[in-house]
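The residues making up each chain are set out below.
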Amino acid sequence: MYSFEGRILICETVHRTSRALPRLGVASTLHAAAAAARSSVAELVMDTSNPAVFVNAELLGRYVGRKVRAVIQVIRNDGTAVIGKSTDEKQMIVKGLPPSQLTTFVEVIGIADGQNSITADKWTNFGDNFDTFTYNKLCQLANGEYQHLFL
């Protein structure tokens, strides 16, 4: 079960974003983000009251205490925290309980609790190959000139 309003919001956001950003080379990332958003809607009713901001390690400090999402390359996992490399090549620490099996690249959603730290409540394996350059560009656009296109 999912909400009709959530589907409309996703469609409008993806449509506006896909029209504005193809010339910047991030269309494939937007299509992947749209697919992930559709999958989230299919799981549960989408909650748009507290959206997670796209961040890399450099942007994380702006959002301490807020809900964020980031992709990291896993460097080390000790079971309660994961040390990783953000898409901007800087170190990021993700606290919480990761799944038993992590792929090389993982998206985390949680609360930014420091300049380079997130306490994650959702972990999603993104596989062993991922275009970090394009995702990093998406983070910059989502926090810059095109911020109004993102929730």
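Residues numbered from 1 in each chain as written. Predicted model: local features only at pLDDT ≥ 70, side-chain atom pairs only at ≥ 80, totals over all residues. Heavy atoms only, no water.

## Observations regarding the packing of aromatic side chains
Note the following rule: Classification of ring pairs rests on two measures: the distance between centres of Phe, Tyr or Trp rings, Trp counted by its six-membered ring, which must be within 6.5 Å, and the angle between planes, read as stacked under 30 degrees, edge-to-face over 60 and tilted in between. Throughout this description, the term charge over a ring refers to an Arg CZ or Lys NZ atom that lies within 6 Å of the ring centre and within 35 degrees of the ring normal.
Enumeration over the complete set of coordinates arrives at five aromatic pairs. An aromatic cluster is present here, built from F54, F105, F126, F130, Y135 and F150 joined pairwise through their rings. The ring of F54 carries the charged tip of R69 above its face, separated from the ring centre by 5.5 Å.

## Considerations on the pattern of salt bridges
Threshold: Salt bridge, as used here: a side-chain nitrogen of Lys or Arg that lies within 4 Å of a carboxyl oxygen of Asp or Glu. For the purposes of this entry, the term helix denotes a DSSP run of H or I that reaches at least four residues, the term strand denotes a run of E that reaches at least two, and both are numbered from the N terminus. Between buried and exposed lies partly exposed: a residue is buried under 20% and exposed over 50% of the maximum accessible area for its type, with that area taken using a 1.4 Å probe on protein chains only.
Scanning all chains against the criterion turns up four salt bridges. Note that E58 is salt-bridged to K90, the shortest N-O span being 3.7 Å. Of this pair, E58 sits in helix α3 (residues 57-60) while K90 sits in the loop between β3 (81-86) and β4 (91-95); the two residues are 32 residues apart in sequence, bridging distant segments of the chain. Judged by relative accessible area, E58 falls into the exposed class, the value being 57%. You can call K90 partly exposed: its relative accessible area is 39%.

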